[in-house]
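# Overview (structure and organization)
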Amino acid sequence: MERKVRLIPYQVIAEFEEVAEVPRGVEMIQAPEVWGRARGKGITIAILDTGCEVSHIDLKDRIIGGRNFTKDDRGDQTIFRDYNGHGTHVAGTMAATANETGVVGVAPEANLFIIKVLDKHGSGQYEWIINGIYYAIEQKVDIISMSLGGSEDVPELHEAIKKAVANGILVVCAAGNEGDGRDSTEELSYPAAYNEVISVGAIDLNRRISDFSNSNKEVDVVAPGENIVSTFLNGKYAKLSGTSMATPHVSGALALIKAISNQTFERNLTEPELYSQLIRRTIPLGNSPKLEGNGMVYLTTIEYLAKLASAKEEVVNI
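In short, a report on the structure. (Residues numbered from 1 in each chain as written. Predicted model: local features only at pLDDT ≥ 70, side-chain atom pairs only at ≥ 80, totals over all residues. Heavy atoms only, no water.)

On to the side chain of serine 244, then. In this fold, serine 244 is placed in helix α6 (residues 243–265). The residues touching serine 244, leaving out its near neighbours within four places in the chain, are Ile8, His86, Val90, Ser147 and Ala174. (Helix = DSSP H or I, 4+ residues; strand = E, 2+ residues; numbered from the N terminus. Contact = heavy atoms within 4.5 Å.)

With that out of the way, let us pick up the nonpolar core. Counting residues in each nonpolar core, the largest one holds 56 residues, and the members touching the most others are Leu112, Ile198, Val250 and Leu254. In terms of residues, this core owes the most to one element, α6, which gives 10 residues. Setting aside its immediate chain neighbours within four residues, valine 250 contacts Val172, Ile198, Val200, Val221, Ala223, Leu278 and Val297. Judged by nonpolar contacts, the second largest core, of 35 residues, contains Leu118, Trp128, Val154 and Ala164. (Core = buried A, V, L, I, M, F, W, Y, C linked by side-chain atoms within 4.5 Å. Buried < 20%, exposed > 50% of the residue type's maximum accessible area, 1.4 Å probe, protein only.)

It is worth spelling out the sheet that holds strand β1 (residues 4–7) at this point. Strand order in the open sheet made by the 3 strands is β6-β1-β8, with antiparallel pairing throughout. Every interior strand has two partners, whereas the edge strands, β6 (123–125) and β8 (148–149), have only one. Note that β1 and β6 share 3 bridges and pair antiparallel. Bridging across to β6, arginine 6 finds its partner in serine 123. Packed on one face of the sheet, helix α4 (residues 126–138) meets β1, β6 and β8 and runs near 75 degrees to β6. (Pairing = 2+ DSSP bridges. Axes fitted to C-alpha atoms, helices over the stretch in contact; angles between N-to-C directions.)

Structural data, given as structure tokens:
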């Protein structure tokens, strides 16, 4: 019997023919504030999802390659077209390059490598995902982003993730949408529940924990995941909700962090060092760590704390 894994459930709120804005989620994590230093150039994110609409005007210049591991299009590995919409949406949040009627992603100059491991119905086999991870390792990507999950702890999947991390790749996963809004219960989704990955929970646009966001000891950070506007099928845009939508905010943020860190330290930081740089750029929201981990990703935290410390020093000196 084939083991199945699926997209983490998400909700389509609305579709649009065109938009012209920096999405609220991108603003919330302070991405525009660091674009003067880095926009993700030279960093490659592998998206393991339902594929991508490669012709979308806001994405076509960001996609550098891909592969299909599903049975869609008769299993043709060279066709990684998205028939679902989910993969196209997360791609836009990560790296869309805004046009006059488009959106801009967190890291608008990052490269995207599309690895299709879920079919048009949002369903796949663990084997497809495992093969997709190993393929991403072969391509020497910087970040792997997965807004998918299942209830089964599959050792082969865990081993593939360990291999990616050992190769210096940051692995970012959606925490899951089985939550009940309480930290007294634990909801586990794999691969997000593996300690080696960066597990992302969701908040709304008012910084409140989303009721659907899984709570457990492996949640690392939270990011905007409700009413997120991004690219969609047929050249359109859509507003979606789910931890799937929070995850690409963090993947994009890591592309910016890695680009900035490479400039600052004049070397490539290790995966643990980059994780530490991410955690330094979070702010607590006052919830249990099982709900928010280290807090909300906030790319200017370091600058904010420096200003705060300076202000306190001035008060003391008066």
